[in-house]
Amino acid sequence: MFPKFTDPIQNVTANVGKDALLGCVVDNLGQYKVAWVRVDTQTILSIHHTVITQNPRISLTHNDARSWYLHIKDVHETDRGWYMCQVNTDPMRSRQGYLQVVMPPTIVDKDTSTDMVVRESSNVSLTCKAYGYPEPFVMWRREDGEDISYNGLPVNVVDGETLHITKVSRLHMGAYLCIASNQIPPSISKRVFLRVQFPPMLSIPNQLEGAYIGQDVKLTCHTEAYPHSINYWTTERGDMIVSGGPPPPPVGGGAGNKFEAVSTDNGYNKVMALKIRNVGPDDFGSYKCVAKNSLGETDGVIRLDEIPAPLTSPSTTMLPKKKHRGRVKPLKMERGQNSVLAADSYIDDTTVDESADDDYTLAPHVEVQPPVAQGSGAPPRGVHVGVLSAAAVVVVLAGR
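Residues numbered from 1 in each chain as written. Predicted model: local features only at pLDDT ≥ 70, side-chain atom pairs only at ≥ 80, totals over all residues. Heavy atoms only, no water.

Caption draft 1: Representation of the sheet that holds strand E23 (residues 230-235) within the structure. Spatial strand order, E21-E27-E26-E23: four strands in an open sheet with mixed pairing. Strands with a single pairing partner mark the edges of an open sheet, and in this sheet they are strand E21 (208-211) and E23. Going from strand to strand, the sheet's axes swing by 25 degrees on average, the running direction of each strand aside. (Pairing = 2+ DSSP bridges. Helix = DSSP H or I, 4+ residues; strand = E, 2+ residues; numbered from the N terminus. Axes fitted to C-alpha atoms, helices over the stretch in contact; angles between N-to-C directions.)

As structure tokens, then:
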């Protein structure tokens, strides 16, 4: 009986730097011998128990003269190809297996763009070169996840090794990621920051502000510039305003720092704010916000005018309204009587009308003082004096 192969040699896939193992199983080997051969180069790697190649990464193991294994350590890309297990019968018998060597993507730094600085309205190209096996797929996207204005359209991803932007604007400024992948983990990326230079631009939300004496007020300007601009405030006389120090004392309390200039940066955007504390008569007028960089300069004017201080409304005491049912009848005062009418001098002698819903309002306390005859301490005959208290006054029927 001649030797025969029980199973085909399984194809093997290995990552670069890993180990690979090719197996060959032969029955009825007898006195015949097994050899491993590299097909594409016709290189004999081993004969039976002996390793022939000078490659130190290749070794051989076997099991009971039936299973023969070719070991390749630290696999290189050059190891990719066909390998043959053969038996020296006549004619020769053999089986072949393929070693696939894969490699995750790698970005070629020398052929890839680095951080760039360009002028606004110019054209710019970002390039990314990558290799691996299988050949990697390359795409570009913004690091912040925002869309890219590409050929007049907003897109999230641009495929290909080159990202070409026509008439670049400040909106293109930011970090871009070149991402290479080939289904062999891990994918790899490189960060390229694009900076767009332009002279300062300025906008003012409110060019006219109003404040009253003693009020605190804030003036605001918005600027855009790259390189980052130098920003400051001046008075209408051209004096630069320097901020800092403690708040000013109250009006009339002496000298103090009245101004505070602050700014908040957000990329190429900047918000300038001038705080004026405890506004006085000399603080009204025009204020200028200025922004300048190496490419240019701009400014804007805000006018601060005086407005009247808000008036404080006096407090008003409201008298409560008291509802009564029916009619109240006062006592008649006889002529010649000098008396003080008490609260109980009023008698309700009418029947309560449950259907009535009129409001009655009590008048305030009233004192009736008749004129006194000159040279006499008593009122003239026939004049009566009465003191009406709030509880004893005639209830006035509202609307009647």
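Further notes follow.
Caption draft 2: Quick peek at the side chain of threonine 223. The topology assignment puts threonine 223 in strand E22 (residues 217-226). Taking the relative accessible area as the measure of exposure, threonine 223 reaches 3% and is therefore buried. Here asparagine 231 takes part through its side chain, which lies 3.2 Å from a polar atom of the side chain of threonine 223. Discounting chain neighbours no more than four positions away, the residues touching threonine 223 are Met201, Leu202, Ser229, Asn231, Tyr268, Asn269, Lys270, Met272 and Ala291. (Buried < 20%, exposed > 50% of the residue type's maximum accessible area, 1.4 Å probe, protein only. Polar contact = N/O pair within 3.5 Å; in protein donor to acceptor, adjacent residues only side chain to side chain. Contact = heavy atoms within 4.5 Å.)

Caption draft 3: How the structure looks around the nonpolar core. Within the largest apolar cluster, 25 residues are counted, with the highest numbers of intra-cluster contacts made by Trp140, Tyr176 and Leu194. Element by element, the count of residues in this core is highest for strand E20 (residues 188-203), at five residues. Ala20, Leu29, Trp36 and Leu70 belong to the second-largest nonpolar core, a separate cluster that totals 23 residues. (Core = buried A, V, L, I, M, F, W, Y, C linked by side-chain atoms within 4.5 Å.)

Caption draft 4: Quick peek at the sheet that holds strand E7 (residues 58-63). Taking strand neighbours across the sheet as the criterion, the four strands line up as E1-E3-E8-E7 in an open arrangement whose pairing is antiparallel. Across the chains shown, the open sheet's two edge strands, defined by having one partner strand only, are strand E1 (4-5) and E7. With six bridges joining them, E7 and strand E8 (residues 67-72) adopt antiparallel strand pairing. Across the sheet, the residue bridging to leucine 60 is leucine 70, located in E8.

Caption draft 5: Looking closely at the environment of alanine 261. Its location among the elements puts alanine 261 in strand E24 (residues 259-266). Taking the C-alpha atoms as reference points, alanine 261 and tyrosine 232, 29 residues apart in sequence, are found 7.9 Å from one another. When sequence neighbours within four positions are dropped, the list of residues in contact with alanine 261 reads Trp233, Ser243, Ala273 and Leu274.

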